[in-house]
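# Structure at a glance
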Amino acid sequence: MNLDYWTEHFRRNALDRPEPDWNAPVNLRGPALSKLGKSLQQFQLGDGGGPAYLIAWNHQRLLASDAGLKALVDLWFAEEREHSRLLGSSLKRFMVAEIKGHWSFSLFCGVRKLAGVQFELYALLLTEIVSHVYYKMLRKYTRDEAVRGMCALIIRDEAGHIAFHRARLAAENRRFGRLWELAFRLRGLAAGTVLWVNHRGALRAGGATDAEFYRGIWLGMDSFIRGLRGDLECARAGAAMKPCAQMVAECA
Ligand SMILES: [Fe+2]
Ligand SMILES: [Fe+2]
């Protein structure tokens, strides 16, 4: 991977980030507000609020073998911590307390620790693809202006994270065949279902449907797989690497 190329992406992405207007009047009430509050609580913990770094038992070995990758992983997780800060501000806006634990996050962290860093990187990538769909749907269906502003920032960052994973996998320069694709899609559907079980109420309160969510995550995985295979074909044909902004736009 090109360290300079991705370092520049993260540096640019830190610019021009309008803070949502947390003090704008709140016009959500009743069940819609309480369901949204519960959903934001879990995301505040899971999206950069827990151990916002690789935690697999062998992650140090991977990072020690590639200083460039470690630098990019640090930048990636710095953005995840920023997501938690934004989500924490949204909780304060609605006067909802932060939570310190949730069964789905504890299970997720436990599996990541035990299963090793390669599994963990795939788990995080798939979580980012399905969360990206959640934030896009939240921006579409919530009536809260500040939450929409927060979603816009996080959606932009997650597109960069998904593109970063695509570049990381393309740099492995190996075959991503049908069996790999099947496993990738099944794991993505499992990750999406865990997310949907916990957050469906908040999005459905605004008018979202199950079909829209599952269509969204399927298309997200589709676009990732096509993009990755396209990157590999370009690399094998000796073509120049795509500009970072183009890769991020393809993952948006
Ligand atoms: Fe995030
Ligand atoms: Fe992310």
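Use the structure listed above.
These figures come from a predicted structure and were not determined experimentally.

## A few points about the environment of Gln42
With respect to the helices and strands, the residue Gln42 is situated in helix H2 (residues 30-46). With a relative accessible area of 15%, Gln42 lands in the buried category. In the structure, Gln42 is positioned 60 residues away from His102 in sequence and 7.1 Å away in space, judged by C-alpha atoms.

## Comments concerning the coordination of the iron ion (ligand 1)
Coordination of the iron ion (ligand 1) by the protein is provided by Asp47 (OD), Glu80 (OE), His83 (ND1) and Glu158 (OE), with metal-donor distances spanning 2.0 to 2.2 Å. Here the donor residues of the iron ion (ligand 1) share one chain and are spaced in sequence as D-x32-E-x2-H-x74-E. Separating the iron ion (ligand 1) from the iron ion (ligand 2) is a distance of 3.4 Å, and Glu80 supplies a donor atom to each of them. Taken as a pair, Asp47 in the loop between H2 and helix H3 (59-64) and Glu158 in helix H7 (residues 145-170) lie far apart in primary sequence, 111 residues in all. No difference in accessibility class separates Asp47 from Glu158, as the two residues are buried.

## Some points on the coordination of the iron ion (ligand 2)
Ligation of the iron ion (ligand 2) by protein atoms is provided by Glu80 (OE), Glu128 (OE), Glu158 (OE) and His161 (ND1), these donors lying 1.8 to 2.2 Å from the ion. Counting gaps between the donor residues of the iron ion (ligand 2) yields the pattern E-x47-E-x29-E-x2-H.

## As for the side chain of Ser90
Positionally, Ser90 belongs in helix H4 (residues 67-93). Residue classification places Ser90 among the buried residues on the basis of a relative accessible area of 0%. Residues contacting Ser90, with those up to four places away along its chain left out, are Trp22, Leu40 and Met150.

## Some thoughts on H7
End to end, H7 covers 38 Å across 26 residues, agreeing with the expected 38 Å (1.5 Å per residue, within 8%). Most of H7 is tucked away: 21 of the 26 residues are buried. Sitting at the amino-terminal end of H7 is Asp144, which places a side-chain oxygen 3.2 Å from the backbone nitrogen of Ala146.

## Considerations on the side chain of His9
Of note, His9 is situated in helix H1 (residues 3-13). For His9, a relative accessible area of 12% translates into the label buried. When neighbours within four sequence positions are excluded, His9 is seen to be in contact with Gly160, Cys244 and Val248.

## Section: H4
The terminal C-alpha atoms of H4, which comprises 27 residues, lie 40 Å apart, in line with the 39 Å expected from a rise of 1.5 Å per residue. With a side-chain oxygen lying 3.1 Å from the backbone nitrogen of Gly68, the N-terminal cap of H4 falls on Asp66.

## Comments concerning the packing of aromatic side chains
In this structure the tally under the stated criterion is 16 aromatic pairs. Note on Trp6 and Phe164: the rings are 6.0 Å apart at their centroids and 65 degrees apart in plane angle, and the pair reads as edge-to-face. Of the two residues, Trp6 is situated in helix H1 and Phe164 in helix H7; the sequence distance between them amounts to 158 residues. For Trp6, a relative accessible area of 1% translates into the label buried. The residue whose ring lies beneath Arg185 is Trp218, and the NZ or CZ to ring-centre distance is 4.3 Å.

About the thresholds
- Residues numbered from 1 in each chain as written.
- Chains lettered and ligands numbered in written order.
- Predicted model: local features only at pLDDT ≥ 70, side-chain atom pairs only at ≥ 80, totals over all residues.
- Heavy atoms only, no water.
- Helix = DSSP H or I, 4+ residues; strand = E, 2+ residues; numbered from the N terminus.
- Buried < 20%, exposed > 50% of the residue type's maximum accessible area, 1.4 Å probe, protein only.
- Donors = N, O, S within 2.8 Å, 3.2 Å for Na, K, Ca; no water.
- Contact = heavy atoms within 4.5 Å.
- Expected span 1.5 Å × (residues − 1).
- Polar contact = N/O pair within 3.5 Å; in protein donor to acceptor, adjacent residues only side chain to side chain.
- Phe/Tyr/Trp six-rings, centres within 6.5 Å; stacked < 30°, edge-to-face > 60°.
- Lys NZ or Arg CZ within 6 Å of the ring centre and 35° of its normal.

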